[in-house]
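Chains, contacts and geometry: an overview
So you can see what is in the structure, the chains are spelled out below.
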Amino acid sequence: MTPIVLVLIGWFLLVGFFFLLWLFQRRTGDAGIVDVGWTASLGFLALLYALGLGDGLAARRWVVGLAAALWSWRLARYLLKDRIFAGEEDGRYQAMRAKWGDRAQRNLFLFFQAQGLIAALLSVHFMLAMLHPASELRVWDALGILLLLISVGGESVADRQLARFRANPANRGRTCREGLWRYSRHPNYFFEWLHWLVYVLIAVGAPWWPAALIAPAFMLYLIFFVTGIPPTEEQALRSRGEDYRQYQRTTSAFFPWFPKREG
């Protein structure tokens, strides 16, 4: 099957999938399910491409497909447990509902469908790596897998550290500064972004490989300016106030680095 046809089929399936998720949030009042769906849809598309593409080394297609599926499964499972099963809608979506008022359901429908479209477009990133013309696996493929293990492992550690901190009632209203959170205000976002560089490494050497940089650049834009750091920190300032402002003054926003001393 040709790449264009596969992407269109994948997008068509996501239209229906995100419609069902929108119906779910109407019933439950929890729009956070969109984050689980977005993550899961990328892993699904990667496996679909590994199975359906007729070109590219089969071993490389499955390396990429399984790498994306591993990242997707871990993150979707964590989001499901941490946000959906927690029983309370994420503060970002509560703020969106309050801002949109009577238009909330219409805007959420468009928002959910936009996530499906973005996932379909980003999934082309997997194809660029899968369709590398090399007839055997290379050092770049091994480096990609190594980076995958670092990124998935790092994000998993950051998530566990935050969950352990939140589980202690004494920490209510305080900001986590333990482990990786001492060096970055958003180490989970950093390692999630690092994951997108896996497929850049695997694509290195292909005639089109610079195009593989588009997805990491786009994800960096989303994290810094749209759905990542800004709404997360707005919610943190509402709930933690001066403690979080002090954290902002001393701790790197994204890339891990040693904290500053105030004054």
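Described below are features of the structure shown in this document. (Residues numbered from 1 in each chain as written. Predicted model: local features only at pLDDT ≥ 70, side-chain atom pairs only at ≥ 80, totals over all residues. Heavy atoms only, no water.)

On to helix H11 (residues 229–240), then. The end-to-end C-alpha separation of H11 is 15 Å, in line with the 16 Å expected for 12 residues at 1.5 Å each. Taken as a whole, H11 has its buried residues at Ile229, Pro231, Glu233 and Ala236. Here the buried face of H11 lies against helix H4 (91–100), helix H8 (187–196), helix H10 (214–226) and helix H12 (242–250). (Helix = DSSP H or I, 4+ residues; strand = E, 2+ residues; numbered from the N terminus. Expected span 1.5 Å × (residues − 1). Buried < 20%, exposed > 50% of the residue type's maximum accessible area, 1.4 Å probe, protein only. Contact = heavy atoms within 4.5 Å.)

If you look at the biggest cluster of nonpolar residues, it comprises 58 residues, and the most contacted ones within it are Trp38, Leu42, Tyr49, Phe112, Phe126, Trp196 and Tyr199. Element by element, the count of residues in this core is highest for helix H2 (residues 33–52), at 10 residues. Leaving out residues up to four positions away in the same chain, Phe126 has contacts with Leu42, Ala46, Val64, Ala68, Trp196 and Tyr199. Membership of the second largest hydrophobic core comes to 8 residues, among which are Ala158, Leu162, Phe165 and Tyr247. (Core = buried A, V, L, I, M, F, W, Y, C linked by side-chain atoms within 4.5 Å.)

What follows concerns the packing of aromatic side chains. As enumerated under the stated definition, the model contains 22 aromatic pairs in all. Note on Phe190 and Phe255: the rings are 5.9 Å apart at their centroids and 70° apart in plane angle, and the pair reads as edge-to-face. Of this pair, Phe190 sits in helix H8 while Phe255 is found in the segment after H12, placing the two residues 65 residues apart along the sequence. Among the aromatic residues, ring-to-ring pairing joins Phe190, Phe191, Trp193, Tyr221, Phe224, Phe225, Phe254 and Phe255 into one connected group. (Phe/Tyr/Trp six-rings, centres within 6.5 Å; stacked < 30°, edge-to-face > 60°.)

Tallying each qualifying case throughout the model produces 12 salt bridges. Two residues, Asp35 and Arg83, come together in a salt bridge whose shortest N-O distance is 3.2 Å. Of this pair, Asp35 sits in helix H2 while Arg83 sits in helix H3 (residues 58–84); the two residues are 48 residues apart in sequence, bridging distant segments of the chain. Judged by its relative accessible area of 16%, Asp35 is buried. Note that Glu89 is salt-bridged to Arg97, the shortest N-O span being 2.9 Å. Judged by its relative accessible area of 10%, Glu89 is buried. (Salt bridge = Lys/Arg side-chain N within 4 Å of Asp/Glu carboxyl O.)

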